[in-house]
Amino acid sequence: MFTVVSPFKPAGDQGDAIAALTNGIKSGDKYQTLQGVTGSGKTFTMAKIIEQVQMPTLIVSHNKTLAAQLYREFKGFFPHNAVEYFVSYYDYYQPEAYVASRDLYIEKDASINAEIERMRLSAARSLMERNDVIIIATVSCIYGMVTPDVYKKMTATFSNGETVDVDSLIRRFVELQYERNDAVLERGRFRRRGDTLEIFPAYMEEAYRVDIDTFHENGETIERIRRFNPVSGEMLEDLDRALIYPAKQFVMPGSMIQNAMGTIRQELKERLEHFQNTGKIMEAERLKTRVEYDIEMLTEMGYCPGIENYSAVLANRKSGESPDTLVDYLPKEHLTFIDESHVTLPQLGAMYAGDRSRKQTLVDYGFRLPSALDNRPLRYDEFAQRLDKTVFVSATPGKTEIEQSVRVVQQLIRPTGLLDPEIEVRPSEGQMENIYGEVQKRIKIGERSLILTLTKKMAEDLTDYLSGLGLKVRYIHSEVETIERVEILTQLRQGKFDILVGINLLREGIDLPEVSFIAILDADKIGFLRSLTSLVQIIGRAARNAAGKVIMYADKMSDAMEKAINETNRRREAQIAYNEKHGITPATVKKAIEDILTRHIEEAQTATGATIEVLKKSYNMLIPAQRKQLIKALENEMLEHAKNLEFEQAAAIRDEIAKIKDFI
């Protein structure tokens, strides 16, 4: 049973949201939306819904960072259930591509993170074996995998007292893409030592030891099966039976591979004729060399580099037919949450076209067979067809979510009692003098201000202007160095300066309770930075402070402005009414700056803990070369956080890098 373990009970309007969405799911409603303001506890609401409906659940996030945070939170909420993490297993990925204008072929280059690969395989295994599964995934979940039926058949199983042919069992391990290494037992490998067979499943953190009685009257018989720690050698558990799943995602029976060889050869023949008839001799020769090499590898080894490009043929799918993905591993009745749906849905919809364009060029110039086009992500309509009950989750749901949903459930009350900020619109004429007066009010009471411009040049010029007036001010944008960006946010919190000028400071990760005033310049301009979604998200940055106020400087009222103001005022009225009814007085947390910083650093370290732990498990700190690789991988993560304006998390990873360097 799904059981939430938490000291907290639903607060504010979480209880109403949980009840409404749960009733909708149980009534069979396919689409619903949870519209929750920043800081209202949407994740806890999702967890309680899972507990109520008791359905296997897929949670889709739009990037690895947020997925890692959700994974950590749901692991905490459901310690007794299978919470799995399914994201891209590449630390670095350069897809195969061809730039025709420069006659430049770019070979696929990737660095696979072994720990994330283990977690992906663990997710597939959990879906095969149990119902209490929660998968936290990115858009990786719409990319092709081996058919669930094939994956289920591609197993090796053995039991205590069973008579076995050890050589046949070893051949089965090889067919499942496990490597034999009698010296070192590592994940995805097995070894035989006399009458003992050991295998380290690719999806586990422990290995199996199988003791074989070779002198049994019935022949070679399994005497004992134990699960053990492959590092310490400690025996953890005696088992009656063990089931081994494949070591790789694209694994197929030899019979399926052999059956597909004729189809691949026929497709190659037709494609070569096409190139020769159109005078493309170089393309024909290029394709012939590559495909014949791949056929030989598949025939001899059962695997080849880029085997996924033949997945449609190997799975006997027709041209244009959609691939099997992680969603196909879920049972028919399941629950899906699309987190931050205003960003995630467009991302899901964009994957197919980009992938198709790149692969079409490879096919046209003889690098791949046309069937490679069917190794692709799902189109959004194909993804939607596979879903059962779906809840979109966002502070600013888009038109798609609203139109599809049977109901939009609003979660407006923060457990802290804090309100959405007051909003004013003022003319752009004389705005600098006006802003100067507003920031001076905040400086006198020890609070901070944000000013948002439209361009980098405006941010820099405005910083110079305000600095010339004697104010302590800094700017931040994409050209500011990563570490410096982290330091700037920290110094703003500490009060080393009072005003931060930026462009796109709307990320959920920026939590600045000291900021009580936000000025939005050119608020009436039309574009992404002043869209309804962006304005609502920006306004949310001032909802961390009880005295939060936003002033929009504009010469006219745009549609986006009007809707953002009306929506914020509507939320604010509901929040005030709730506080008055329950006797709540909202107040900003008042602690020493050092205490606040320490708390947020600890929160950031906890939030990024899953990512850091995954990386650290993939490298051996005692080996200098691997230690350097770990530092490089962490630096890449830090850059990714900083690029996404998640400065607290970037700072936590920076501190982890410093610890590793001290270890050296």
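Treat the numbers as computed from the prediction; the structure is a model and nothing was measured.

Visitor: I'd like a rundown of the sheet that holds strand β17 (residues 335-339), residues and numbers included.
Guide: Judged by pairing direction, the sheet is parallel, and its 7 strands sit side by side in the order β3-β8-β2-β17-β18-β1-β19 without closing on themselves. At either end of the open sheet lies a strand with only one pairing partner, and these are β3 (82-86) and β19 (407-411). When the angles between neighbouring strand axes are averaged without regard to direction, this sheet yields 20 degrees. Strands β2 (57-60), β3, β8 (133-137) and β17 of the sheet are contacted by helix α3 (residues 64-77), whose axis makes an angle of about 170 degrees with β3.

Visitor: Requested: an account of the nonpolar core, with residues and values cited.
Guide: Ile 135, Phe 158, Phe 173, Tyr 178, Ile 244, Ile 264 and Phe 383 are the most contacted members of the largest nonpolar core, which totals 80 residues. Take this core: its biggest share by element is 7 residues, from helix α7 (residues 254-277). Ile 59, Tyr 85, Leu 335 and Val 391 belong to the second-largest nonpolar core, a separate cluster that totals 36 residues.

Visitor: Kindly report on helix α8 (residues 281-301), identifying the contributing residues and their values.
Guide: Turn by turn, an α-helix covers 3.6 residues, leaving residues three or four places apart pointing in a common direction. In a regular helix each residue adds 1.5 Å, so 21 residues correspond to 30 Å; α8 covers 30 Å between its end C-alpha atoms and thus fits that length. Where α8 is concerned, the buried positions are Glu 283, Ala 284, Leu 287, Val 291, Asp 294, Ile 295 and Leu 298. Along α8, the residues classed as buried sweep out an arc of 115 degrees about the axis, all on the same side. Turned more than 90 degrees off the buried face of α8, the exposed positions are Ile 281, Met 282, Thr 289, Glu 296, Glu 300 and Met 301. Backbone geometry just after α8 places Gly 302 at a positive phi near 75 degrees.

Visitor: Let's hear about the environment of Glu 217: which residues, and what values?
Guide: When you line up the elements, Glu 217 lands in the loop between β13 (207-213) and β14 (221-228). As a C-alpha pair, Glu 217 and Tyr 619 span 402 residues in sequence and 46 Å in three-dimensional space.

Visitor: Give a detailed account of the packing of helix α17 (residues 532-540) against helix α18 (residues 559-582), specifying residues and quantitative values.
Guide: Orientation of α17 relative to α18, taken along the N-to-C sense of each, is 40 degrees, at an axis distance of 9 Å. The orientation of α17 with respect to α18, classified from their angle, is oblique. With respect to the hand of their crossing, α17 and α18 are arranged in right-handed fashion. From α17, Leu 532, Leu 535, Val 536 and Ile 539 reach across to α18, where they touch Ala 560, Met 561, Lys 563, Ala 564, Thr 568 and Arg 571. The residue makeup of the contact of α17 with α18, split by class, is 7 nonpolar, 1 polar and 2 charged.

Visitor: Tell me about the packing of aromatic side chains, residues and numbers included.
Guide: What the rule picks out here adds up to 15 aromatic pairs. When the centroid spacing of 6.2 Å and the interplanar angle of 85 degrees are considered together, the rings of Phe 74 and Phe 77 count as edge-to-face. Of the two residues, Phe 74 and Phe 77 are both situated in helix α3; the distance of 3 residues between them amounts to about one turn of the helix. Here the two residues Phe 74 and Phe 77 agree in accessibility, since each one is buried. Judged by centre distance (4.9 Å) and plane angle (50 degrees), the ring pair of Tyr 98 and Tyr 365 falls under tilted. Here the residue Tyr 98 occupies a position in strand β5 (residues 97-99), and Tyr 365 occupies one in the loop between α11 (341-364) and α12 (380-386), the gap between them amounting to 267 residues. Assessed through its relative accessible area of 10%, Tyr 98 is described here as buried. Within the aromatic cluster, the residues linked to one another by ring pairs are Phe 2, Phe 44, Phe 74, Phe 77 and Phe 78. Geometry around Phe 86 places Arg 120 over its ring, the cationic atom sitting 4.1 Å from the centre. Above the ring of Tyr 352, the side-chain terminus of Arg 379 is found at 5.8 Å from the ring centroid.

Visitor: Can you tell me about the sheet that holds β13, naming the residues and giving the values?
Guide: With mixed pairing, the 6 strands of this open sheet are ordered in space as β10-β11-β12-β13-β14-β15. Both edges of this open sheet fall to β10 (179-180) and β15 (235-239), since each of them pairs with a single strand only. Looking at chain direction, β14 and β15 are connected through 4 bridges and run antiparallel. The partner of Arg 227 across the bridge, within β15, is Glu 237.

Visitor: Give me the environment of Gly 583: which residues, what numbers.
Guide: With respect to the helices and strands, the residue Gly 583 is situated in the loop between α18 and α19 (593-607). Relative accessible area serves as the criterion here: at 63%, Gly 583 is assigned to the exposed category. The spatial distance from the C-alpha of Gly 583 to the C-alpha of Ala 459 is 42 Å, given a sequence separation of 124 residues.

Visitor: Any chance you could break down the pattern of salt bridges for me, citing the residues and the numbers?
Guide: Scanning the model with the defined rule gives 45 salt bridges in all. Measuring nitrogen to oxygen at the nearest pair gives 2.6 Å for the salt bridge that ties Asp 29 to Arg 407. With Asp 29 in the loop between α1 (14-26) and β1 (31-36) and Arg 407 in strand β19, this residue pair connects regions lying 378 residues apart in the sequence. Among the residues examined, Asp 29 registers a relative accessible area of 15% and is labelled buried.

What counts and what doesn't
Residues numbered from 1 in each chain as written. Predicted model: local features only at pLDDT ≥ 70, side-chain atom pairs only at ≥ 80, totals over all residues. Heavy atoms only, no water. Pairing = 2+ DSSP bridges. Helix = DSSP H or I, 4+ residues; strand = E, 2+ residues; numbered from the N terminus. Axes fitted to C-alpha atoms, helices over the stretch in contact; angles between N-to-C directions. Contact = heavy atoms within 4.5 Å. Core = buried A, V, L, I, M, F, W, Y, C linked by side-chain atoms within 4.5 Å. Buried < 20%, exposed > 50% of the residue type's maximum accessible area, 1.4 Å probe, protein only. Expected span 1.5 Å × (residues − 1). Arc of directions from axis to C-beta. Parallel < 35°, antiparallel > 145°, perpendicular 65-115°, else oblique. Left-handed = near helix turned anticlockwise from the far one by under 90°. Nonpolar A, V, L, I, M, F, W, Y, C, P; charged D, E, K, R; others polar. Phe/Tyr/Trp six-rings, centres within 6.5 Å; stacked < 30°, edge-to-face > 60°. Lys NZ or Arg CZ within 6 Å of the ring centre and 35° of its normal. Salt bridge = Lys/Arg side-chain N within 4 Å of Asp/Glu carboxyl O.

Interpretation note: all reported values are geometric properties and have no functional meaning in isolation.
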